[in-house]
Amino acid sequence: MEKNDSANGDVQQEGEEEKQHFSSVASTYFDQKIQIPDVPQTRFSFRKLWAFTGPGFLMSIAYLDPGNIESDLQAGSVARFKLLWVLMSATFLGLLMQRLSARLGVVTGFHLAEICYKKYAKVPRIILWVMIEIAIIGSDMQEVIGTAIAFYLLSNGKIPLYAGVLITIFDTFTFLFLDKFGLRKLEFFFTFLITVMAVTFGYEYVVVAPDQPALLKGLFVPGCADCGPKQILQAVGIIGAIIMPHNIYLHSALVKSRDVDRTKKEEVSEANKYFFIEAAIALLVSFIINVFVTSVFAEGFYGRRPEDIYDKCLAEGNPYAYLFNVTEVQVDIYRGGVFLGCQFGIAAMYIWAVGILAAGQSSTMTGTYTGQFVMEGFLNLKWKRWQRVLLTRTIAIAPTIFISIYEGIEQLSGMNDLLNVLMSLQLPFALIPILAFTSSTDIMGDFKNGIVMKIISGVLALVVIGINMYFVAVYIQELPHHWAIYLGVAVLILLYFGFVLYLVWHCFVTMEIEIFSRIPLLRRFYPRYQLLLSESRSDLQYSTF
């Protein structure tokens, strides 16, 4: 009897330690919780929707970062309106993934990185953390690049690129302390930045006045007639730019800022409903802004000869006219701003730069929050905000400032393409875990994914992996022809897809498909999941999707 009491005491102590870990409040964003008004659940309430509004708009900023803006304008410049349906489809798929992310946070009270801490063995968990950190740093680099280019354009080149890069260090520190004034004020500030993007890019849309029938056809008629490899590569790049891996981790943490009683399944179900509505509204806004950018360059830049643009720039006295004194030009966020200034007046260039600045600043801050959540979740490690910002800013800024000094703005802006590919390569490390955990009875109870959501999420994961294989095939052809380089790439490819296959196997085991749990060699990498989650979720019996 004493032995049993001792064993029970050990289990209880272990459970308390687990609860203490998971109940640890992140050092950012959660100093307060928004109270939900007491309104009857039998009807839709705008008061409740307003109370739940905030996390979705912060999440949607990742759909408007400088990398997305560059992907948008390149899609318009190479394929006119033909890829708008891809943009719409990718945004819809992104909404489904964000839905899973929000539900995980609402139902469990833990965010994705925290659950990864317990669900994966140590070595796979560390590898997964490294992959997500790479995605965050890659996104940080895009944001630093966008901000530096915006300062360069706004100052007519008086603020050098390296100075613009350094400014991002200080303004990030400044803006990150806004949450000291209250959670609602912080969310309002992010919403203000989204509004700035909507107004600036909307202004460009009105000035350029795209062909509306052609735009609508591009949105609702799938296909890409007369498209070649360049257009196809841009199409798959849109998916990598839109669906951001670290954003799935972010959204599951942001929803914890609302005061939801998770012991009452009705409140959990209601929170899921309102968070989904809010996310849909936020992504609709981001989609419209992305359409603005794509359409502006589809109408204004597509089919233009460099010499015609160059002559127009000279006629307008634009100091950056030399950019188009070439035989072939590929537009980016820098050249795109210059083109708008040449074609539609210098004010269009400055307004474009303001929009890029808002995109860079807003996504920089959400990226830093994501880094904090990911580090705290995967490593159970809590750093002060300034330490986290300093680390990620240094890693992102070091290569960026090197290129800005020794190569120039053209190469700096062109890095966004490579970074979009990097984002796509990291996507399986968010999609597969979120699919696994939201399909688990132990974690989600009866809020787990239905068969329809499992199929959609699984197909999306397969599509993303296929896109990554396509990217690898394309970029291998551009590498120097040397056996050592090919050998190194081959090793990296094997390691990458080997880890992806492990995550897929782990996903099937988590989804309780027994045949996959009988592989002896892999069982040691699937630790026994603690009773903490299953006990806390056992009272949730409610139908899902």
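Residues numbered from 1 in each chain as written. Predicted model: local features only at pLDDT ≥ 70, side-chain atom pairs only at ≥ 80, totals over all residues. Heavy atoms only, no water.

(A) Just the pattern of salt bridges, in detail. All told, the structure shown has 11 salt bridges when counted by the stated rule. Among the salt bridges present, the one from Glu307 reaches Arg305, with a minimum N-O distance of 3.4 Å. Residue Arg305 is classed as partly exposed on the basis of its relative accessible area of 46%. Here the residues in one salt-bridge network are Arg184, Glu187 and Arg258, joined through shared partners. (Salt bridge = Lys/Arg side-chain N within 4 Å of Asp/Glu carboxyl O. Buried < 20%, exposed > 50% of the residue type's maximum accessible area, 1.4 Å probe, protein only.)

(B) Main features of the environment of Phe81. Looking at the secondary structure, you find Phe81 in the loop between α4 (66–79) and α5 (84–108). When the C-alpha atoms of Phe81 and Ala214 are compared, they prove to be 6.7 Å apart, with 133 residues separating the residues in sequence. With sequence-adjacent residues up to four places away left out, Phe81 is seen in contact with Pro210, Asp211, Ala214, Leu215, Gly218, Ser295, Ala298 and Glu299. (Helix = DSSP H or I, 4+ residues; strand = E, 2+ residues; numbered from the N terminus. Contact = heavy atoms within 4.5 Å.)

(C) Local environment of the environment of Pro124. Residue position: Pro124 is located in helix α7 (residues 122–154). Pro124 gets classed as buried once you look at its relative accessible area, which sits at 5%. Sequence separation between Pro124 and Leu503 is 379 residues, and the spatial gap between their C-alpha atoms is 8.7 Å.

(D) Representation of helix α10 (residues 212–220) within the structure. Turning to α10, its buried residues are Leu215, Gly218 and Leu219. The buried residues of α10 occupy an angular sector of 100° when the element is viewed end-on, so they sit on one face. Of the residues in α10, the exposed ones pointing more than 90 degrees away from the buried face are Pro213, Lys217 and Phe220. Residues of α10 that are buried make contact with α5, α9 (183–208) and α13 (265–300). (Arc of directions from axis to C-beta.)

(E) Layout of a nonpolar patch on the surface. Residues Ile451, Val452, Ile455, Val459 and Val463 make up a contiguous nonpolar surface patch of about 430 Å² in total accessible area. Turning to its location among the elements, Val463 is positioned in helix α21 (residues 451–476). (Patch = residues over 30% accessible without salt bridge, like charges linked within 9 Å, V, L, I, M, F, W, Y side chains within 5 Å. Areas by Shrake-Rupley, 256 points an atom, 1.4 Å probe, with all protein chains shown as cover.)

(F) Here's a closer look at the packing of aromatic side chains. Scanning the model with the defined rule gives 21 aromatic pairs in all. Ring centres of Phe52 and Tyr274 lie 5.6 Å apart, and the angle between their planes is 5°; this geometry places the pair in the stacked category. Placement of Phe52 in helix α2 (residues 46–52) and of Tyr274 in helix α13 is noted, with a sequence separation of 222 residues between them. The exposure class of Phe52 is buried, given its relative accessible area of 1%. Taking relative accessible area as the criterion, Tyr274 reaches 0% and is therefore assigned buried. Taken together, the ring pairs in this structure connect Phe201, Phe297, Phe301, Phe339, Phe344 and Trp352 into an aromatic cluster. (Phe/Tyr/Trp six-rings, centres within 6.5 Å; stacked < 30°, edge-to-face > 60°.)

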